[in-house]
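Here are the chains, one letter per residue:
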Amino acid sequence: MKNKCMLIAALLLLSGTISAKVVLPPMFSDNMVLQQQADAPIWGEAKPMKAVKVTTSWDGKTYETLADKEGRWKLSVRTPEAGGPYELTLTDGQKLVLKNVMIGEVWICSGQSNMEMPLKGWGKVLDYEKEIAAANHPNIRLLHVEHVTSTQPETDIKIRDNGWQVCSPLTVPEFSATAYFFGREISEKQNVPVGLIHTSWGGTNVESWISGKVLQEMPDFSKVVEDIRAMPDKAAMKADYLKALEAWNNRVDEGFAAGKPVRAEVSLDDKAWGKLNFPGMVDQQGLGDFDGLIWLRRTVDIPASWAGKKVQLVLGAIDDNDITYWNGREVGRTDGYSVQRNYTVPGKLVKAGPLTLAIRVTDTGGGCGMPDELYLRSDNGEQISLAGEWKYQIAADARKEGMFPKDMSEDPNLPTSLYNAMIHPLVPYSICGAIWYQGENNASRAYQYRELFPLVIENWRKDWGQDFPFYFVQLANFMQVSPNPVDSDWAELREAQARTLSVANTGMAVIIDKGDANDIHPKDKQAVGHRLALIARANTYGEQIPYSGPVYRSYQVDGDKIILSFDHTDGGLKSSDGKALQGFAIAGRDHKFHWAKAEIQGDKIVVSSPEVPYPVAVRYAWANNPVCNLYNGAGLPASPFRTDDWKGVTQK
């Protein structure tokens with residue numbers, strides 16, 4: 001009996017040894033890119049106190065370390081110059097091989113929706129179909145971090161498709177357009193593999209991307225950070241939210257509690273409902289800044305040949321959350337404005353004749369609508385378009401009913417929450433630098449952004465232990481053009497961004513000429529990626545090229561004129577259209593600005609107005625959506641600026 005027990009124990013021990021296998025975070029996968037000429041950290045889990053070996057195929061060298069008592073281990077491997085593909089072989093008793101590994105340049109790409117905006121999906125950037133078809137770039141690799149929040153710094157991270165993807169027409173459509181166009185140019189001009197780590201979330205505040213340890217240094221947030229650390233766990237917060245949400249739904253939506261909302265019923269008379277057109281956004285069709293709950297309905301005819309067969313209901317992205325009904329039966333529900341809705345309707349629900357589709361859309365803030373293609377598709381590929389006129393009825397306007405409860409367990413605007421879950425777990429993956437496109441959400445607190453934004457850079461650099469390049473996008477022009485000089489929170493936010501150039505090893509891509517008065521998400525992301533890439537090519541990779549438009553340096557008052565001096569006047573100053581300069585305003589001691597005449601004289605600009613005989617200040621492109629045309633000979637626009645420091649609209 002004793003020998004039998006010993007035999008069983010030995011077999012169990014042997015079994016554990018045989019089945020032992022290194023476990024890696026998902027950013028260590030096939031197709032990954034490691035930063036060239038670096039001591040690149042690799043880490044993971046193994047059996048406690050077990051030896052872990054990593055062998056690199058580019059030099060045949062083996063690195064070894066010992067897992068600690070919890071099974072955690074980390075080591076660094078020396079990477080060569082850019083190249084590949086290579087393999088990494090890891091073992092703690094059982095071999096794990098990572099294949100098709102490239103050595104090149106790795107960039108983190110972060111921010112809010114304009115960084116998140118995909119080539120296709122809800123984004124549909126300029127010439128997106130052509131761009132996607134041409135996106136065969138095996139040297140570009142894509143890593144897409146999923147949306148996750150946390151009140152505490154995490155070590156685990158959620159990655160779409162659980163690892164790196166080779167860039168192709170199949171993998172790029174839902175990836176960040178700005179990141180892709182940036183990476184494409186870097187790869188082409190430097191002739192190196194490029195790894196793009198996309199970790200962004202639309203509609204988020206900058207303070208979500210800063211650690212609690214750093215954010216608490218600001219008096220505005222010290223108490224907030226303490227409160228966040230004291231919050232209950234996610235499960236408890238989720239339970240509280242669901243209870244509050246149920247009460248809200250029952251109050252505003254008749255029949256919803258019973259699972260039979262009245263507005264989804266086929267028999268409902270919707271003749272008195274309003275009309276909207278989709279694809280489209282409701283705020284562009286007379287509903288203003290709608291937030292709340294809105295029902296959409298449409299009737300189409302199902303052909304007899306489709307009856308009894310499953311159908312794909314394709315709705316694209318819906319901003320923000322939906323529950324969709326087919327003849328009164330729920331067929332799908334999804335939360336998240338960037339998630340594609342592609343619901344499969346079982347054949348038993350598909351009947352010939354009139355079909356009533358009803359969609360319950362909850363908008364949590366920002367835009368609301370269905371911007372993508374809408375259609376039904378049969379098994380044999382036939383399609384019925386759902387584009388055109390839909391009926392609508394508002395069930396709850398948040399301005400009247402009060403906003404529905406916020407899910408604090410998944411709130412991306414909870415300070416520190418995105419740093420904790422979407423940045424901290426990436427540290428210390430070896431990188432070259434970061435690109436950033438964010439700020440719209442903080443425009444109403446632009447003066448505060450002067451402190452907050454540099455904290456992001458300081459925080460991340462300290463975490464990675466290197467002063468890596470940090471290049472960012474200044475906000476584009478947006479909203480209606482003002483006929484007169486005005487104060488502007490967006491102008492103040494752009495100024496806060498420009499001031500951040502005082503932080504070493506930073507750069508700013510100016511896109512004051514690429515916005516859209518009616519769309520906060522400009523479609524020309526090619527230009528955004530290109531202007532970011534120009535900065536990297538010049539400042540990181542040493543190319544001798546112009547990378548910035550004119551930047552205001554100083555001014556001098558000369559009688560009834562103010563003379564402005566600039567840096568980055570490569571090729572001389574000019575107007576973009578060959579006409580008189582626009583966008584300049586001048587003020588006297590009364591602080592009242594008037595449109596001004598601006599003349600180019602060499603590398604300076606002379607500004608004046610007959611209405612201001614004793615000028616003291618000049619502003620350029622100082623508005624939400626300025627009309628402005630100052631460029632340099634390299635074809636790059638000047639950044640908005642002001643010579644004064646008078647109190648702004650966002651200054652406390």
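Residues numbered from 1 in each chain as written. Predicted model: local features only at pLDDT ≥ 70, side-chain atom pairs only at ≥ 80, totals over all residues. Heavy atoms only, no water.

Within an unreviewed UniProt entry, the label attached to the protein reads 9-O-acetylesterase, and the organism entered is Bacteroides cellulosilyticus.

**Student:** Sorry if this is basic, but what is going on with the overall build of the protein here?
**Tutor:** In terms of helices and strands, the protein carries twelve helices and 35 strands. Here the C-alpha radius of gyration of the protein, 28 Å, is about what a compact globule of 652 residues would show, namely 26 Å. Considering only C-alpha atoms, the protein reaches an extent of 105 × 70 × 50 Å along its principal axes. For the protein, with 652 residues in total, the buried portion stands at 54%. Entry remark: accessible area of the protein is about 28,300 Å², with carbon and sulfur atoms responsible for 49%. Of the side chains in the protein, 70 bear a positive and 80 a negative charge, and the two mean positions are spaced by 4 Å. (Helix = DSSP H or I, 4+ residues; strand = E, 2+ residues; numbered from the N terminus. Rg over C-alpha atoms; globule rule 2.2 N^0.38 Å. Buried < 20%, exposed > 50% of the residue type's maximum accessible area, 1.4 Å probe, protein only. Areas by Shrake-Rupley, 256 points an atom, 1.4 Å probe, with all protein chains shown as cover. Lys, Arg positive; Asp, Glu negative; His and termini not counted. Charge placed at Lys NZ, Arg CZ, Asp CG, Glu CD.)

**Student:** Teacher, can you tell me more about the domain arrangement of the protein here?
**Tutor:** One widely used convention gives an interface's size as the accessible area the parts lose upon coming together. Split by domain assignment, the protein resolves into domain 1 (253-401) and domain 2 (551-633). Computed over C-alpha atoms only, the centres of domain 1 and domain 2 are separated by 51 Å. (Domains from an automatic or database assignment.)

**Student:** Would you explain the packing of aromatic side chains in this entry?
**Tutor:** Each aromatic ring pair is described using two quantities: the centre-to-centre distance and the angle formed by the ring planes. One pass over the structure, following the stated rule, counts 24 aromatic pairs. Ring centres 5.7 Å apart and planes at 55 degrees place the aromatic pair Phe 593 and Trp 646 in the tilted group. Of this pair, Phe 593 sits in strand E30 (residues 593-595) while Trp 646 sits in the segment after strand E35 (641-642), and the two are 53 residues apart along the sequence. On the basis of relative accessible area, Trp 646 is assigned to the buried category, the value being 18%. Of the aromatic side chains, those joined through ring pairs into one cluster are Trp 209, Trp 436, Tyr 449, Phe 453, Trp 460, Phe 470 and Phe 472. When the ring centre of Tyr 447 is taken as origin, the NZ or CZ atom of Arg 450, which lies over that ring, is 4.0 Å away. (Phe/Tyr/Trp six-rings, centres within 6.5 Å; stacked < 30°, edge-to-face > 60°. Lys NZ or Arg CZ within 6 Å of the ring centre and 35° of its normal.)

**Student:** I keep staring at the packing of helix H10 (residues 446-464) against helix H11 (residues 489-499) and nothing clicks. Help me out?
**Tutor:** Angle between the axes and distance between the axes are the two parameters that describe a pair of packed helices. Contact geometry of H10 with H11 gives a least axis separation of 8 Å together with a crossing angle of 20 degrees. When the interaxial angle is binned, H10 and H11 end up roughly parallel. For the pair H10 and H11, the sense of crossing is right-handed. Every residue of H11 that contacts H10 at Ala 446, Tyr 447, Tyr 449 and Arg 450 is listed here: Asp 489, Glu 492, Leu 493, Glu 495, Ala 496, Gln 497 and Arg 499. Broken down by class, the residue content of the contact of H10 with H11 amounts to five nonpolar, one polar and five charged. (Axes fitted to C-alpha atoms, helices over the stretch in contact; angles between N-to-C directions. Parallel < 35°, antiparallel > 145°, perpendicular 65-115°, else oblique. Left-handed = near helix turned anticlockwise from the far one by under 90°. Contact = heavy atoms within 4.5 Å. Nonpolar A, V, L, I, M, F, W, Y, C, P; charged D, E, K, R; others polar.)

**Student:** What's the story with the sheet that holds strand E13 (residues 292-302) in this structure? I'm lost.
**Tutor:** In a beta sheet, neighbouring strands pair by backbone hydrogen bonds and run either parallel or antiparallel. One open sheet accounts for six strands, arranged E11-E22-E13-E18-E15-E16; its pairing is antiparallel. Because the sheet does not close on itself, it has two edges, and the strands there are strand E11 (274-278) and strand E16 (329-334). This sheet shows a mean twist of 30 degrees between the axes of neighbouring strands, independent of strand direction. In this sheet, strand E22 (residues 388-397) lies alongside E11 in antiparallel orientation, the contact comprising five bridges. Residue pairing for E22: Gly 274 is matched across the bridge by Tyr 392. In the packing of helix H7 (residues 234-252) onto the sheet, contacts are made with E13, strand E18 (353-363) and E22, and the angle to E22 comes to roughly 115 degrees. (Pairing = 2+ DSSP bridges.)

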